[in-house]
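# Topology and contacts: notes
Chain by chain, the residues:
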Amino acid sequence: MTESKIQQQIVMWYRNNFCLKHHEPRHLIFSVPNESKSKIETLQKKSIGMLSGVSDLIIVKPNEVIFVEVKTEIGVQSKSQKIFQKAIELLGFKYFLVRSLKEFKKIII
């Protein structure tokens, strides 16, 4: 399964369980698209705040922010992703590397 498919499953499941209008308080989950198709686009995005290595998903819960990187079973973090993870953890936030919806559910529930 691709990272994109795993991420789609995670977002759909999380939104259905924690982000609907009747959920109180209502959580947020969103992706940070930080990929570019060209060098010019990369430079433009960096000039407005794009940061290499940012996690695929960010979850905002009451008094808590969680960062989630999605990889396939054989996927590995890039150097910039490892640097981002370390920065997030030094700031006191949770960062998880997950490889499936099942694994994601274990850390969230």
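In the block above lies the structure referred to throughout.
Worth saying up front: this structure is predicted, and the values here are computed from it rather than measured. (Residues numbered from 1 in each chain as written. Predicted model: local features only at pLDDT ≥ 70, side-chain atom pairs only at ≥ 80, totals over all residues. Heavy atoms only, no water.)

Attention now moves to the side chain of Gln 81. Along the chain, Gln 81 turns up in helix H3 (residues 79-90). By relative accessible area, Gln 81 is classed as buried at 11%. At 3.0 Å, the side chain of Gln 81 and the side chain of Glu 69 are in polar contact. If we ignore the near neighbours within four places in the chain, the residues touching Gln 81 are Gly 53, Glu 69, Lys 71, Val 76 and Tyr 95. (Helix = DSSP H or I, 4+ residues; strand = E, 2+ residues; numbered from the N terminus. Buried < 20%, exposed > 50% of the residue type's maximum accessible area, 1.4 Å probe, protein only. Polar contact = N/O pair within 3.5 Å; in protein donor to acceptor, adjacent residues only side chain to side chain. Contact = heavy atoms within 4.5 Å.)

Here we come to the nonpolar core. The biggest cluster of nonpolar side chains holds 16 residues, and the ones touching the most others in it are Ile 10, Tyr 14, Ile 29, Ile 59, Val 68 and Phe 104. When residues of this core are traced back to their parent elements, those giving at least two are helix H1 (3-18), strand E2 (57-61), strand E3 (64-70) and helix H4 (101-108). Of all the elements, H1 adds the most residues to this core, at five residues. Ranked by size, the runner-up nonpolar core spans six residues in total, among them Val 54, Phe 67, Phe 84 and Ile 88. (Core = buried A, V, L, I, M, F, W, Y, C linked by side-chain atoms within 4.5 Å.)

Summed over all chains, the structure comprises four salt bridges. Ionic pairing is found between Lys 71 and Glu 3, a salt bridge with its closest N-O pair at 3.9 Å. One end of the pair, Lys 71, is in the loop between E3 and H3; the other, Glu 3, is in helix H1, with 68 residues separating them in the sequence. Under the relative-accessibility criterion, Lys 71 is labelled buried at 7%. Where Glu 64 meets Lys 94, a salt bridge forms, and the shortest distance between an N and an O atom there is 2.8 Å. Linking Glu 64 in strand E3 with Lys 94 in strand E4 (residues 94-98), this pair joins segments that are 30 residues apart in sequence. Here Glu 64 falls in the partly exposed class, since its relative accessible area comes to 22%. We classify Lys 94 as partly exposed; its relative accessible area is 43%. Three or more residues are tied together by salt bridges with common partners; here these are Glu 3, Glu 69 and Lys 71. (Salt bridge = Lys/Arg side-chain N within 4 Å of Asp/Glu carboxyl O.)

What follows is about unusual backbone geometry. Residues Glu 24 and Pro 25 are joined by a peptide bond in cis, for which omega reads 0 degrees. Examined against the element boundaries, Pro 25 turns out to sit in the loop between H1 and strand E1 (28-31). Positive phi is not limited to glycine here, since Asn 63 has a value of about 60 degrees. Among the structural elements, Asn 63 can be located in the loop between E2 and E3. Note on Asn 63: relative accessible area 84%, which makes it exposed.

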